[in-house]
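In case you want the letters, here they are:
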Amino acid sequence: MFVDKVRIFVKGGDGGAGCMSFRREAHVPKGGPDGGDGGHGGNVILKADLGVSSLIDYRFRHHFKAERGTHGQGSRRHGANGEDLVLKVPVGTVVREYDEETKETGELIADLTHDGETVTVARGGMGGRGNIHFVTPVRRAPAFAELGEPAAEQWVELEMKLMADAALVGMPSAGKSSTIARISAAKPKIADYPFTTLVPNLGVVRGPEYDFVVADVPGLIEGAHEGRGLGHEFLRHIERTALIVHIVDMTGGWEGRDPVEDYRIINRELALHAEELAERPRIVVANKVDVPGTEDAVKRLAEEVRRDSIAAAGGNEFAPSPVDPKLYQVSALTGKGMDSLVAAIGQKVHELREAAREAEAENVQYDHIWEHKREARERRFTVRKLSDGIFRIEGVQVERMVVQTDWENEEAVIFLQHRLKRLGVEKALANAGARDGDEVRIVGRAFEYESALYADDPYANLED
């Protein structure tokens, strides 16, 4: 089964809790704090793998969670980190945020186009720090430690787009499957009725000089850009290909269509789906020329292709054009003209590869970009006035700080207040009109606002 779009829920491993412990040995009456840190939770990582051909592994299983970190112990023994969970996806997978409630896709996370490329989609929680980290000149024996940080979690959409050098496009029953079967080892289903091909097929073609990968995309119809005939599902597989090979049935098919009009319809659908497809390099193929009576249609199509080539070159007949002005006449059934077509596709693909290699910048480091965006977004928080004397603070980082705090430990609560001050929460509350004694709510906790609380902050010189 070919599966090319799924939505999955990913959650990193929670961080282990830090340990509150003091050294207790004979003849060492004041050993000091020695609580170890909790281990970091594992990340959920997507990795592009050439050995994976579809997203079938995620069709029926939708929830994935990495291993959590273990808790710290006394004697400065740190907890073990949780193992990362690596999910393999096909090369060519686009990863986006997904909102399960609104059923809408969000920001692009990554476009995994190279074998081995990875992106972290759910970061594991940091392990809580043991009490050895909270020693200050005025507080030599801190009697608290941090709880582990909750891991990030979210829904993501995985969309596979075929990674082929050339895509065969055309009307249903134009001969695309017969062509790929003739020039490669692919074995698509072939029949004389429309929509025989329901999923894209890939084939490796061994040319006289250059090899290339070709995709047989299911037939398109008028209105495909609007989703007719599963147009959206098929058109997206053409977006990545460097070269479009447009196959036209010169017999007009069983409906007796005009081949030139078929050619125009497909060009129009490609342009309406994505403007850049209108400028994508292409080769036009007149198929089934072995059938008697197709000579006039071939001449008219050749003239149409020549006009398109001149128009694409800005009206200059001698300027380079993305449309090859030569019409390749073939018969996928008998093999007529196939050798010259394969050689032409191979040469064009080679030229496009070389041009792309020269223009290609350094590989995009999605992890760095995504992490930077995520961290900036999580640092933001909002202060809302719910009613007179009641305020609510919302924000990922603020809420995680609260969840990490042991509310049964007074020192831990004081340290939380220090962290909130460093983050700018106290100033934001003051700007929102908070006064001493007002109630401040974060997640499921509430406490009183005191503007002078930090006059003698015992953790003022402590690194966060």
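Residues numbered from 1 in each chain as written. Predicted model: local features only at pLDDT ≥ 70, side-chain atom pairs only at ≥ 80, totals over all residues. Heavy atoms only, no water.

Chemist: Where do I start with the environment of K348 in this structure?
Modeler: For K348, the position within the fold is in helix α6 (residues 338–359). Distance in space between the C-alpha atoms of K348 and D324 is 9.6 Å, their sequence separation being 24 residues. Leaving out residues up to four positions away in the same chain, K348 has contacts with L243, P281 and I283. (Helix = DSSP H or I, 4+ residues; strand = E, 2+ residues; numbered from the N terminus. Contact = heavy atoms within 4.5 Å.)

Chemist: What's the story with the environment of G41 in this structure? I'm lost.
Modeler: For G41, the location among the structural elements is in the loop between β1 (5–11) and β2 (44–49). Along the sequence, G41 and D14 sit 27 residues apart, while their C-alpha atoms lie 4.9 Å from each other. Setting aside residues no more than four positions away along its own chain, G41 makes contact with G13, D14, G15, E67, R68, G69, G82, G124 and G125.

Chemist: In this structure, what is going on with the sheet that holds strand β9 (residues 166–169)? I would like to understand it.
Modeler: Pairing between sheet strands relies on hydrogen bonds along the backbone, with the strands arranged either parallel or antiparallel. Ordered in space as β10-β11-β9-β12-β13-β14, the six strands form an open sheet in which the pairing is mixed. Lying at the two open borders of the sheet, with one neighbouring strand each, are β10 (201–206) and β14 (323–329). Averaged over all neighbouring strand pairs, the angle between strand axes comes to 25°, with direction disregarded. Note that β10 and strand β11 (residues 211–216) share six bridges and pair antiparallel. For L202, the partnering residue across the bridge sits in β11 and is A215. Helix-sheet contacts for helix α1 (residues 176–183) involve β9, β10, β11 and β12 (243–249), and the interaxial angle to β11 is about 155°. In the packing of helix α3 (residues 259–273) onto the sheet, the strands contacted are β9, β12 and β13 (282–287), and the crossing angle to β12 comes to about 150°. (Pairing = 2+ DSSP bridges. Axes fitted to C-alpha atoms, helices over the stretch in contact; angles between N-to-C directions.)

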